[in-house]
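What the coordinates show
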Amino acid sequence: MDNDKILDLILFLKDKEYRIENDEQIIVWLDFDEIQEFTDIFGYDEFCEGGKDVTLLSESIAFNLYDFIDGIGEETEYIVKKLKEYETE
């Protein structure tokens, strides 16, 4: 994941509803009209092979952000650090 995409993701999530559960679980809730913008950050190919698991709610979806960012290296730690900072604001 390149730096531009990481920044896009952090800025996108800054004002969204999320909860950091533990070291491997960040639950994010997105309204239906926010899904396209979120998927555009990762690109089409990320969702072509198998997709991602989400929970469908009445007006939104919920998912574990780690399913998207786990395995990208030090960037994962940076994303989590920034989200923790936003959570305390």
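Preceding this section is the structure that the text describes.
Residues numbered from 1 in each chain as written. Predicted model: local features only at pLDDT ≥ 70, side-chain atom pairs only at ≥ 80, totals over all residues. Heavy atoms only, no water.

To continue, consider the nonpolar core. One finds Ile26, Phe38, Leu65 and Leu83 to be the most contacted residues of the largest nonpolar core, which totals 23 residues. Looking at this core, the elements with two or more residues in it are helix 1 (3-14), strand 1 (17-22), strand 2 (25-31), helix 2 (35-42), strand 4 (60-64), helix 3 (66-69) and helix 4 (74-88). At 5 residues, the largest contribution of residues to this core is made by helix 1. Filtering out sequence-adjacent residues up to four positions away, leucine 83 remains in contact with Leu13, Tyr18, Ile20, Ile26 and Leu65. (Core = buried A, V, L, I, M, F, W, Y, C linked by side-chain atoms within 4.5 Å. Buried < 20%, exposed > 50% of the residue type's maximum accessible area, 1.4 Å probe, protein only. Helix = DSSP H or I, 4+ residues; strand = E, 2+ residues; numbered from the N terminus. Contact = heavy atoms within 4.5 Å.)

Further remarks concern the packing of aromatic side chains. A complete count under the given rule lists 7 aromatic pairs for this structure. Here phenylalanine 12 and phenylalanine 38 contribute two aromatic rings whose centre-to-centre distance is 5.9 Å and whose plane-to-plane angle is 40 degrees, an arrangement assigned as tilted. One end of the pair, phenylalanine 12, is in helix 1; the other, phenylalanine 38, is in helix 2, with 26 residues separating them in the sequence. Among the residues examined, phenylalanine 38 registers a relative accessible area of 3% and is labelled buried. (Phe/Tyr/Trp six-rings, centres within 6.5 Å; stacked < 30°, edge-to-face > 60°.)

As a further point, take the pairing of strand 1. When strand 1 meets strand 2, the two strands line up antiparallel, connected through 5 bridges. From the neighbouring strand, asparagine 22 faces strand 2, where its bridge partner is glutamine 25. The antiparallel hairpin formed by strand 1 and strand 2 contains 2 residues in its connecting segment. (Pairing = 2+ DSSP bridges.)

Reading across the sheet, the 4 strands line up as 1-2-4-3 and stay open at both edges, with antiparallel pairing between neighbours. Strands with a single pairing partner mark the edges of an open sheet, and in this sheet they are strand 1 and strand 3 (55-56). As paired strands, strand 3 and strand 4 are joined by 2 bridges and run antiparallel to one another. Its bridge partner lying in strand 4, threonine 55 is registered against alanine 62.

Turning our attention to the packing of helix 1 against helix 2. Where helix 1 contacts helix 2, the axes come no closer than 9 Å and their chain directions differ by 160 degrees. As far as their axial angle goes, helix 2 and helix 1 are roughly antiparallel. Note that helix 1 runs across helix 2; the crossing there is left-handed. Of helix 2, the residues touching helix 1 (which contributes Lys5, Asp8, Leu9 and Phe12) are Glu37, Phe38, Ile41 and Phe42. Of the residues that constitute the contact of helix 1 with helix 2, the class distribution is 5 nonpolar, no polar and 3 charged. (Axes fitted to C-alpha atoms, helices over the stretch in contact; angles between N-to-C directions. Parallel < 35°, antiparallel > 145°, perpendicular 65-115°, else oblique. Left-handed = near helix turned anticlockwise from the far one by under 90°. Nonpolar A, V, L, I, M, F, W, Y, C, P; charged D, E, K, R; others polar.)

What follows is about helix 1. Given a rise of 1.5 Å per residue, 12 residues ought to cover 16 Å, and the 16 Å separating the end C-alpha atoms of helix 1 matches this to within 8%. The elements touched by buried residues of helix 1 are strand 1, strand 2, helix 2, helix 3 and helix 4. (Expected span 1.5 Å × (residues − 1).)

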